[in-house]
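# Understanding the architecture of this molecule
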Amino acid sequence: MPLVVAVDGPAGSGKSSVSKEVARQLGYGFLDTGAAYRALAWHAEASGIDTDDAASVVSSLPSFAYRIGTDPAGYAVHVGEVDVTTAIREPHISAIVSRVAKVPEVRTHLIELFRGIMADERHPGIVVEGRDITTVVAPDAPVRILLTASEEVRIARRSAELVDVPAEYTGEQLRRRDEADAKVVDFMTAADGVTTVDSTELDFDQTVEAVIGVIRAAQPEAVR
Ligand SMILES: Nc1ncnc2c1ncn2[C@@H]1O[C@H](COP(=O)(O)OP(=O)(O)O)[C@@H](O)[C@H]1O
Ligand SMILES: Nc1ccn([C@@H]2O[C@H](COP(=O)(O)OP(=O)(O)O)[C@@H](O)[C@H]2O)c(=O)n1
């Protein structure tokens with residue numbers, strides 16, 4: 001089993017970009033778990049399923065042919081033969097993803113898939129990021145981090161990525177999604193043994209350094 005670095009946090013805190021860069025610098029694998037929930041929402045929509053109906057969402061699981069690599073340099077997400085890497089980031093997917101993520105059968109199914117990917121990892125470590133990694137997916141991970149930032153900063157970061165979308169819409173959507181997601185798992189407060197990294201006042205490189213610092217403190221032999 002590789003060394004697991006578990007990272008949770010709210011939308012726009014930097015989980016994905018920071019975890020990917022940490023993995024690259026340490027020669028580890030990287031797993032973005034949110035991509036699977038997004039891809040399932042995409043798949044349900046593409047199959048003409050009503051994402052408000054939990055039973056229909058569950059019925060789409062057997063045909064959900066999900067593939068994601070763990071190489072931080074070659075990040076790509078596929079459903080069957082379709083490359084959905086860009087499509088799953090679109091605002092209309094962000095708007096419906098919480099509906100599929102709250103279905104217990106969906107979570108059980110995807111958590112099993114994540115654990116399989118972690119067990120198969122060939123790099124010496126893997127950085128796994130999402131909402132329930134430190135508490136449910138890998139509660140025994142030797143390094144567990146909650147990556148946070150103020151809501152204002154998180155909205156500003158997401159808005160900077162979505163230049164064609166009005167900032168008020170992006171802000172409202174991010175707030176609404178965090179609120180819905182927080183009813184399913186708590187990713188706003190650090191569980192016992194989880195170290196908080198607050199990136200509000202840090203730039204990207206400083207945040208990467210802070211996360212590597214937490215890994216170094218917990219596992220000195222893992223980081224030269
Ligand atoms: N500490 C930081 N300072 C400035 N920008 C950051 C920082 N961390 C992440 N970003 C940027 O903010 C945006 C959102 O980060 P992302 O990794 O997608 O967050 P999450 O996966 O938590 O939603 C990205 O454009 C990323 O490059
Ligand atoms: N471990 C996880 C990861 C994501 N998710 C769900 O997947 C959605 C997309 O996650 P994401 O990490 O891509 O979202 P961002 O933080 O990048 O905006 C979240 O809004 C949650 O509904 C989850 O329920 N559990």
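Rules used in this analysis
- Residues numbered from 1 in each chain as written.
- Chains lettered and ligands numbered in written order.
- Predicted model: local features only at pLDDT ≥ 70, side-chain atom pairs only at ≥ 80, totals over all residues.
- Heavy atoms only, no water.
- UniProt positions renumbered as here; feature names shortened; annotations may be inferred.
- Near = heavy atom within 4 Å.
- Polar contact = N/O pair within 3.5 Å; in protein donor to acceptor, adjacent residues only side chain to side chain.
- Areas by Shrake-Rupley, 256 points an atom, 1.4 Å probe, with all protein chains shown as cover.
- Helix = DSSP H or I, 4+ residues; strand = E, 2+ residues; numbered from the N terminus.
- Phe/Tyr/Trp six-rings, centres within 6.5 Å; stacked < 30°, edge-to-face > 60°.
- Buried < 20%, exposed > 50% of the residue type's maximum accessible area, 1.4 Å probe, protein only.
- Salt bridge = Lys/Arg side-chain N within 4 Å of Asp/Glu carboxyl O.
- Pairing = 2+ DSSP bridges.

The protein carries the name Cytidylate kinase in an unreviewed UniProt entry, which gives Agromyces mariniharenae as its organism. The record in UniProt for the protein states the following under Sequence similarities (unreviewed entry): "Belongs to the cytidylate kinase family. Type 1 subfamily." What UniProt records for the protein under Subcellular location (unreviewed entry) is the sentence "Cytoplasm".

## Here we look at the site of ligand 1
By nearness alone, 16 residues border ligand 1, and Gly12, Lys15, Ser17, Arg158 and Thr207 come closest of all. Contact between ligand 1 and Ser16: an oxygen atom at 2.9 Å from a main-chain N or O atom of the residue. Considering ligand 1 on its own, with 570 Å² of exposed area, one finds that the protein chains cover 78% of that surface. For the shell around ligand 1, the secondary-structure elements that each account for two or more residues are helix H1 (15-26), helix H7 (151-161) and helix H9 (204-218). Here the shell around ligand 1 gets four residues from one element, more than from any other, and that element is H1.

## Digging into the packing of aromatic side chains
Scanning the model with the defined rule gives three aromatic pairs in all. Seen from their ring centres, Phe30 and Tyr75 are 5.9 Å apart, and the 40° between their planes marks the pair as tilted. Within this pair, whereas Phe30 is found in strand S2 (residues 29-32), its partner Tyr75 is found in the loop between strand S3 (66-68) and strand S4 (77-79), the two being separated by 45 residues in sequence. By relative accessible area, which is 1% here, Phe30 ends up buried. With a centroid separation of 5.3 Å and an interplanar angle of 20°, the aromatic rings of Phe64 and Tyr66 are classed as stacked. You'll find Phe64 and Tyr66 in the same group, each marked buried.

## Observations concerning the pattern of salt bridges
Pairing of side chains with opposite charge becomes possible as their charged atoms draw close. Counted by the stated rule, this structure contains 10 salt bridges. Residue Arg175 is joined to Glu151 by a salt bridge in which the shortest nitrogen-to-oxygen separation is 3.0 Å. Taken together, the residues span a long stretch of sequence, with Arg175 in helix H8 (residues 167-182) and Glu151 in helix H7 at a distance of 24 residues. Note that Asp178 and Arg154 form a salt bridge whose closest N and O atoms lie 2.9 Å from each other. Residue Asp178 is found in helix H8, and its partner Arg154 is found in helix H7; the two are separated by 24 residues along the sequence. Accessibility assignment for this pair places Asp178 and Arg154 in one class, buried. In the salt-bridge network here, residues are joined through shared partners; they are Glu151, Glu172, Arg175 and Arg176.

## With respect to the pairing of strand S1 (residues 3-8)
The side chains of a regular strand alternate between both faces of the sheet. Within S1, six of the six residues are buried, which leaves the element mostly enclosed by the surrounding structure. Side-chain alternation along S1 places Leu3, Val5 and Val7 on one buried face and Val4, Ala6 and Asp8 on a second face that is also buried. Relative to strand S6 (residues 125-130), S1 runs parallel, the two being bridged by six bridges. When the bridges of S6 are listed, Leu3 appears paired with Gly125. One ladder, built from four bridges, connects S1 with strand S7 (residues 143-148); its direction is parallel. By the bridge assignment for S7, Val5 is matched with Val143.

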